[in-house]
Structures are given as C-alpha cells and as structure tokens.
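Observations on the model geometry
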Protein chains: 2
Amino acid sequence: MLKKERHDFIMRQINLHNRVLTSDLVQLLNVSEDTIRRDLQELVDENLLYKVHGGALSKSYHSSFDDSTVYARDSKIAIGKKAVQLIKDGMVVLTGGGTTILEFVKRLPQGLSATFFTISPLVAVELAKYNNIEVILIGGLFSKNSQVTYGGQVITQLSEIKADLCLMGTSAIHPDEGLTDTYWEINQLKKAMLACAKKTAVLCISEKLDIALRLRVCPIESISYLITELDLDHESLSRYREKELNIL
Amino acid sequence: MLKKERHDFIMRQINLHNRVLTSDLVQLLNVSEDTIRRDLQELVDENLLYKVHGGALSKSYHSSFDDSTVYARDSKIAIGKKAVQLIKDGMVVLTGGGTTILEFVKRLPQGLSATFFTISPLVAVELAKYNNIEVILIGGLFSKNSQVTYGGQVITQLSEIKADLCLMGTSAIHPDEGLTDTYWEINQLKKAMLACAKKTAVLCISEKLDIALRLRVCPIESISYLITELDLDHESLSRYREKELNIL
DNA sequence: CGTTTTTATGCGTGTTTGTGCGATAAAGTT
DNA sequence: AACTTTATCGCACAAACACGCATAAAAACG
C-alpha cells in the first residue's frame, strides 16, 4: 500500500468517526506504529487533523466542542445585536436554542410586539419577559445535550407553522458545503425549521466558519442572512460574499 | 477513549449543566476516580472550570433561577424531599411548574430512571441533569405569569398521555371545596393533568391550606397524596386526615 | 547500466504520558 | 464524635512516543 493511500484511508476514518487510534490503524493498515506516527505527523503538518496521545482527532470535532465555552460571550452579544435589526413589529419568528440565540433575545427592544415560536425552554423563559411578545414553546422530547426539544412531535408541529423568519445557531458553516451538523436528530430538526420559514438567518461566531461536518442541513443558498461578529468586509467572509447571501 | 475526548466530554457536561459530580463522570466515562480528578485538575489549570469538593462547576455559573430569593424556600425543600419518596424506577410522571416542583426535582436521586412529562420549561431544564430520565416537554402557548405552557394544544397533548403519578403545585386547597384556582386557563390545565394520571400528589405549603378560590379544579377525593412541610400529626391537617387522602 | 541519492519503513532503546492502586488526610454528614 | 465520602500523594506499570540507526526499495543521474 502506498503512503498516499494510507493517508487517504486515515482521513476517511477521521471524517467518518471524528477520531482514530494509532493502534487501530496499525492493525487495519498492517504497518508499524512508527509509520502511522509519521503519517499522522505529516497530516498534522498539512493541517488536516489534530494529534493527541493515542491517536488523532478531526479538526472540526475539536472546534465544534469547545464552542460552548461561554467565553465567546462578547462575540455572541455582538451577533445578537445585529440580529435584532431583522425583527420588526408583527413578525412571526421561529428560533432554535443555544447561547447565541439567548443573547439575541436579551437584546430585543422592550416594546416589540411579535409572535415567537421556539424549541428552546430557556429562550421561552427569556422571551416571557417581554409583555407584547406571544411565546409558543414547541414541545417534545427534550435533548439533554442541546437543551432543545426534538423528535417527531416537534417536526410535526413545525410543519404546521408558517414563520416570517427563522433564527438558528450553527454547528458549522462552509461556503461550498453549506450548513452541516453531526447529529441526525438535530439535522432533521434544522431541516424542518428551514422548511417552515420564509427566510432564515444563521447566527454564527467566526470560529465556526469554513467547517463542514458529516450531515448536511442545507446548501448555502437556502440561507438568507449570515450574522457573525466580524466586520462586513472581513476577509474570512469573502467566500460567503460571493454567494447570494446577506451578511450582517 | 482518548484523554482529549474525555476533557471535551466533561466540558460539554459543565457547559450544559453548570456542574458535574466526580462520581457521575466515573460512571459515565468508566474510568477511575483518580483519572477524573486529574482531568478536572488539568481543566482547572487551563482555566476552564472551578473545582469543588465532589465535582466541578462552570466558571460562568449562573442558575437560571435565583434560588435564594424563592419565597418560603425551606418549606418547599422539605416538601420536595417528601415528594421524592413517591418516585420509583420506571415510573411515568407528569409535573406542573412552580418553585415547589423545582425543589422537588432538584432532590431526585441521581441514578433514577424514569419518564417525566412536564409543562414547565424550567423543570425540563432541571430534569435534563439526570442522565437516566427521559424528559418530554409539553409545548404550547407560554404563560408569562406562571411560566408554564397552557392552552388547547397542551390539553390535547395531555389527553394522549397516561402517567402513573401527577405532581402539581397548588394555589389553594380546602377540605370541603377541594382544589381551586383563580384563572380559567390554569383551571382547565389542571383538570386535564388530573385526568391523565392514575394518582395525583399535591405539593402545598401550609399557608395555602383551607383556602378556596373561584374556580374548582377537583374535589379533595380526586387527590391521592397531600404533601406539606408540616408534621403528619400537625393539627392544621386534621380536617384532611378525615378524608381519603395520604398525607406526607 | 551502475552508482549515488532520496524516500519509506522497521527495529531497538530510552523517555514520557496515562492510568490505577493503596495508604493517608481532609471534608462533609448524621 | 463516629462515620462516610472525597481528595491527595507516591508508586508501579503499561502503553504510547521520540530518536537514531539500519535496510531496502524507488528515483535520479551520468
């Protein structure tokens, strides 16, 4: 087996499972540990994966998990403020969950009169502080990880809703691959959310740009607004500016 | 499992639940206590969490609900502890909202394996901290006052549920008038909840005893358990002891 | 073609890292 | 005060690693 073939094999494993163990690769590829180590080192040099004691991890896996550190709070507040501009009186809005959405909700103008559907209990509680906002919480199985409701019941209920705007957080966004996710249920959920809103705004801190995960939610064309904490002319956004997408 | 993966897992737990117990992590990750402790120590060194006796806390710890300002909290805790005795493995439980129920949920045993339906987002979030509890949040219009979902949709969904036990807070209870309430919607809601559970437990701080409000939810006979913070032989309860009612 | 250079791989050896165990100490609980 | 749970420390051991060296195949060159 050629070295290049091995590298490809390793990358496939990584993309599939988000991780590989050195020892597994030794067995699967039938080469010495040293060879695998050298392979991994070379892939690290090419910036394709992340090496740890015992094996290697996918780059996207890595960045998709330390995102929930609420340390990017400033960024999320900035995003929230921008997102508020999209909301007008009388609108029907559908939101997902997550800390970014929560920061957005906290920054809505007090007098706003609108209808909000949400799958996030915490968002619902926050929205309840506004007197003129009607809040409908979409019920179903409750996900311990992402703190939103999910599952068939949620999707059924979503199918009955017609919203003007859908606001969702992101696991990953990529100019070619579009919106992607790691978990099947969340993937299905996001698809359903997209389907019931006229327009969709994606709230996305910059570190989640240019990442593609296993499951595709939608192509980039299905998104109306991309909201990041970056300046409009920041170079990280250039690939997105080329698309038909409003960037805030 | 790789160390880095464990660290990510721990951080996810922390960001989700604001806290982790060392003993839980030992079980979940199937490694020795020492390993978990070292993991936590390393995460502390990276400034990612606070370590405390028994586990660790999120750096940005903030409970969605400020415990200390809860009215008559001690009584509610006492009630919560008593209510926990009613819960057994495998049960299907339906709960309402309110601070008393919340104190109850916080005192459930860690390993409990059960299914909980609830109309309260805050209760759902709290329940999500238990790994073996399946949480179903019943969705609908969200009430700004009582912080629970209500309305036709909720009642429809309730009608499809069959629960072993329903736990609800009280506005008022009276030995002759039974359970009563002031608001039509809440009244309807409680009737629907009662209807779908085999047994019902009413959590009630003593000051709400012997009060009757405008709208009747049910006669006292429809209730299986009355849980107050008082001793079993307290004289305020004598009128209730005469009824067919288990008093805790 | 033969010789040299480069590249890829494996082996041996010593080092580092990760983990669990036991004893002891400290912190909570009743 | 007695008891239980959690922490800490030193140690042991295995797995993973880095480095130098040897070897052989592949590529380059005259």
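Residues numbered from 1 in each chain as written. Chains lettered and ligands numbered in written order. Predicted model: local features only at pLDDT ≥ 70, side-chain atom pairs only at ≥ 80, totals over all residues. Heavy atoms only, no water.

1. Overview of the packing of helix α8 (residues 152-159) of chain A against helix α9 (residues 184-195) of chain A
Residues and elements named next belong to chain A. In contact at an axis separation of 9 Å, α8 and α9 are set at 10 degrees when each is read in the N-to-C sense. Judged by the inter-axis angle, α8 sits roughly parallel to α9. Across the interface between the two elements, Val154, Ile155 and Leu158 of α8 pack against Gln188, Leu189, Ala192 and Met193 of α9. Of the residues assigned to the contact of α8 with α9, the class counts are six nonpolar, one polar and no charged. (Axes fitted to C-alpha atoms, helices over the stretch in contact; angles between N-to-C directions. Helix = DSSP H or I, 4+ residues; strand = E, 2+ residues; numbered from the N terminus. Parallel < 35°, antiparallel > 145°, perpendicular 65-115°, else oblique. Contact = heavy atoms within 4.5 Å. Nonpolar A, V, L, I, M, F, W, Y, C, P; charged D, E, K, R; others polar.)

2. Focus: the pattern of salt bridges
Between side chains of opposite charge, a pair can form when the charged atoms approach closely. What the rule picks out here adds up to 20 salt bridges over all chains. Of the charged contacts, one joins A:Asp176 and A:Lys243 as a salt bridge, the two residues approaching to 3.9 Å between their closest N and O atoms. With A:Asp176 in the loop between β10 (172-174) and β11 (178-181) and A:Lys243 in the loop between α10 (238-241) and β15 (246-247), the pair connects residues that are 67 residues apart, well separated along the chain. Taking relative accessible area as the criterion, A:Lys243 reaches 25% and is therefore assigned partly exposed. We note a salt bridge from B:Asp164 to B:Lys198, for which the minimum N-O separation is 3.0 Å. (Salt bridge = Lys/Arg side-chain N within 4 Å of Asp/Glu carboxyl O. Buried < 20%, exposed > 50% of the residue type's maximum accessible area, 1.4 Å probe, protein only.)

3. Here we look at the protein's contact with DNA strand C
Near DNA strand C there are 16 residues, and of these A:Arg6, A:Thr35, B:Arg6, B:Ser32 and B:Thr35 occur at the shortest range. With respect to DNA strand C, the side chain of A:Ser32 contributes an N or O atom lying 2.9 Å from a phosphate oxygen. At 2.8 Å, a side-chain N or O of B:Arg38 approaches a base nitrogen of DNA strand C. Counting only elements with at least two residues in the surface near DNA strand C, the list comes to α1 (3-17) and α3 (33-45) of chain A together with α1 (3-17) and α3 (33-45) of chain B. Of the residues that constitute the surface near DNA strand C, the class distribution is two nonpolar, six polar and eight charged. (Near = heavy atom within 4 Å. Polar contact = N/O pair within 3.5 Å; in protein donor to acceptor, adjacent residues only side chain to side chain.)

4. Regarding the side chain of B:His174
Residue and element names in this part refer to chain B. Along the chain, histidine 174 falls in strand β10 (residues 172-174). Within the structure, histidine 174 has its side chain in polar contact with the backbone nitrogen of aspartate 176 (distance 3.0 Å). Excluding residues that lie within four positions of it along the chain, histidine 174 makes contacts with Asp210, Ile211, Ala212, Ile220 and Tyr240.

5. Remarks on the interface of chain A and chain B
Taken together, the 40 residues of chain A in the interface contact 36 residues of chain B. Approximately 3200 Å² of surface area, both sides summed, lies buried where chain A meets chain B, with 60% of it carried by carbon and sulfur atoms. Among the ionic pairs, B:Glu5 bridges to A:Arg19, the shortest N-O distance being 3.3 Å. Where chain A meets chain B, there are eleven residue pairs in polar contact (both at pLDDT 80 or more). Only β1 (19-21), β2 (49-52), β3 (55-58), α4 (59-65), α7 (121-127), β6 (133-137), β7 (140-142) and α8 of chain A provide two or more residues apiece to the side of chain A that touches chain B. Among the elements that line the side of chain A that touches chain B, the one with the most residues is β6(A), at five residues. (Buried area = accessible area lost by both parts, 1.4 Å probe.)

6. Topic: the layout of surface pockets
Residue and element names in this part refer to chain B. Roughly 790 Å³ of volume is contained in the second largest pocket. Forming the walls of the second largest pocket are 34 residues, and the residues nearest its centre are Gly97, Gly98, Asn145, Ser146 and Val148. When contributions to the lining of the second largest pocket are tallied by element, the ones reaching two or more residues are α5 (99-106) and α8 (184-195). A total of five residues in the lining of the second largest pocket trace back to one element, the largest contributor, which is α8. Taken together, the residues of the lining of the second largest pocket sort by class into 15 nonpolar, 14 polar and five charged. (1 Å grid on protein atoms, 1.4 Å probe; cavity = no way out; pocket = protein on both sides within 12 Å on 5 of 7 lines; lining within 4 Å. Points joined across faces, edges and corners; volume = space filled by probe spheres on them.)

7. Structural notes on the protein's contact with DNA strand D
Near DNA strand D you find 16 residues, and of these A:Asp34, A:Arg37, A:Gly54, B:Arg37 and B:Gly54 are the closest. At the protein interface, 77% of the atoms of DNA strand D within 4 Å belong to sugar or phosphate. Within the backbone of B:Val52, one N or O atom sits 3.3 Å away from a phosphate oxygen of DNA strand D. At the level of elements, α3 and β2 of chain A together with α3 and β2 (49-52) of chain B are the ones that each hand at least two residues to the surface near DNA strand D. For the surface near DNA strand D, a count of residues per class yields two nonpolar, eight polar and six charged.

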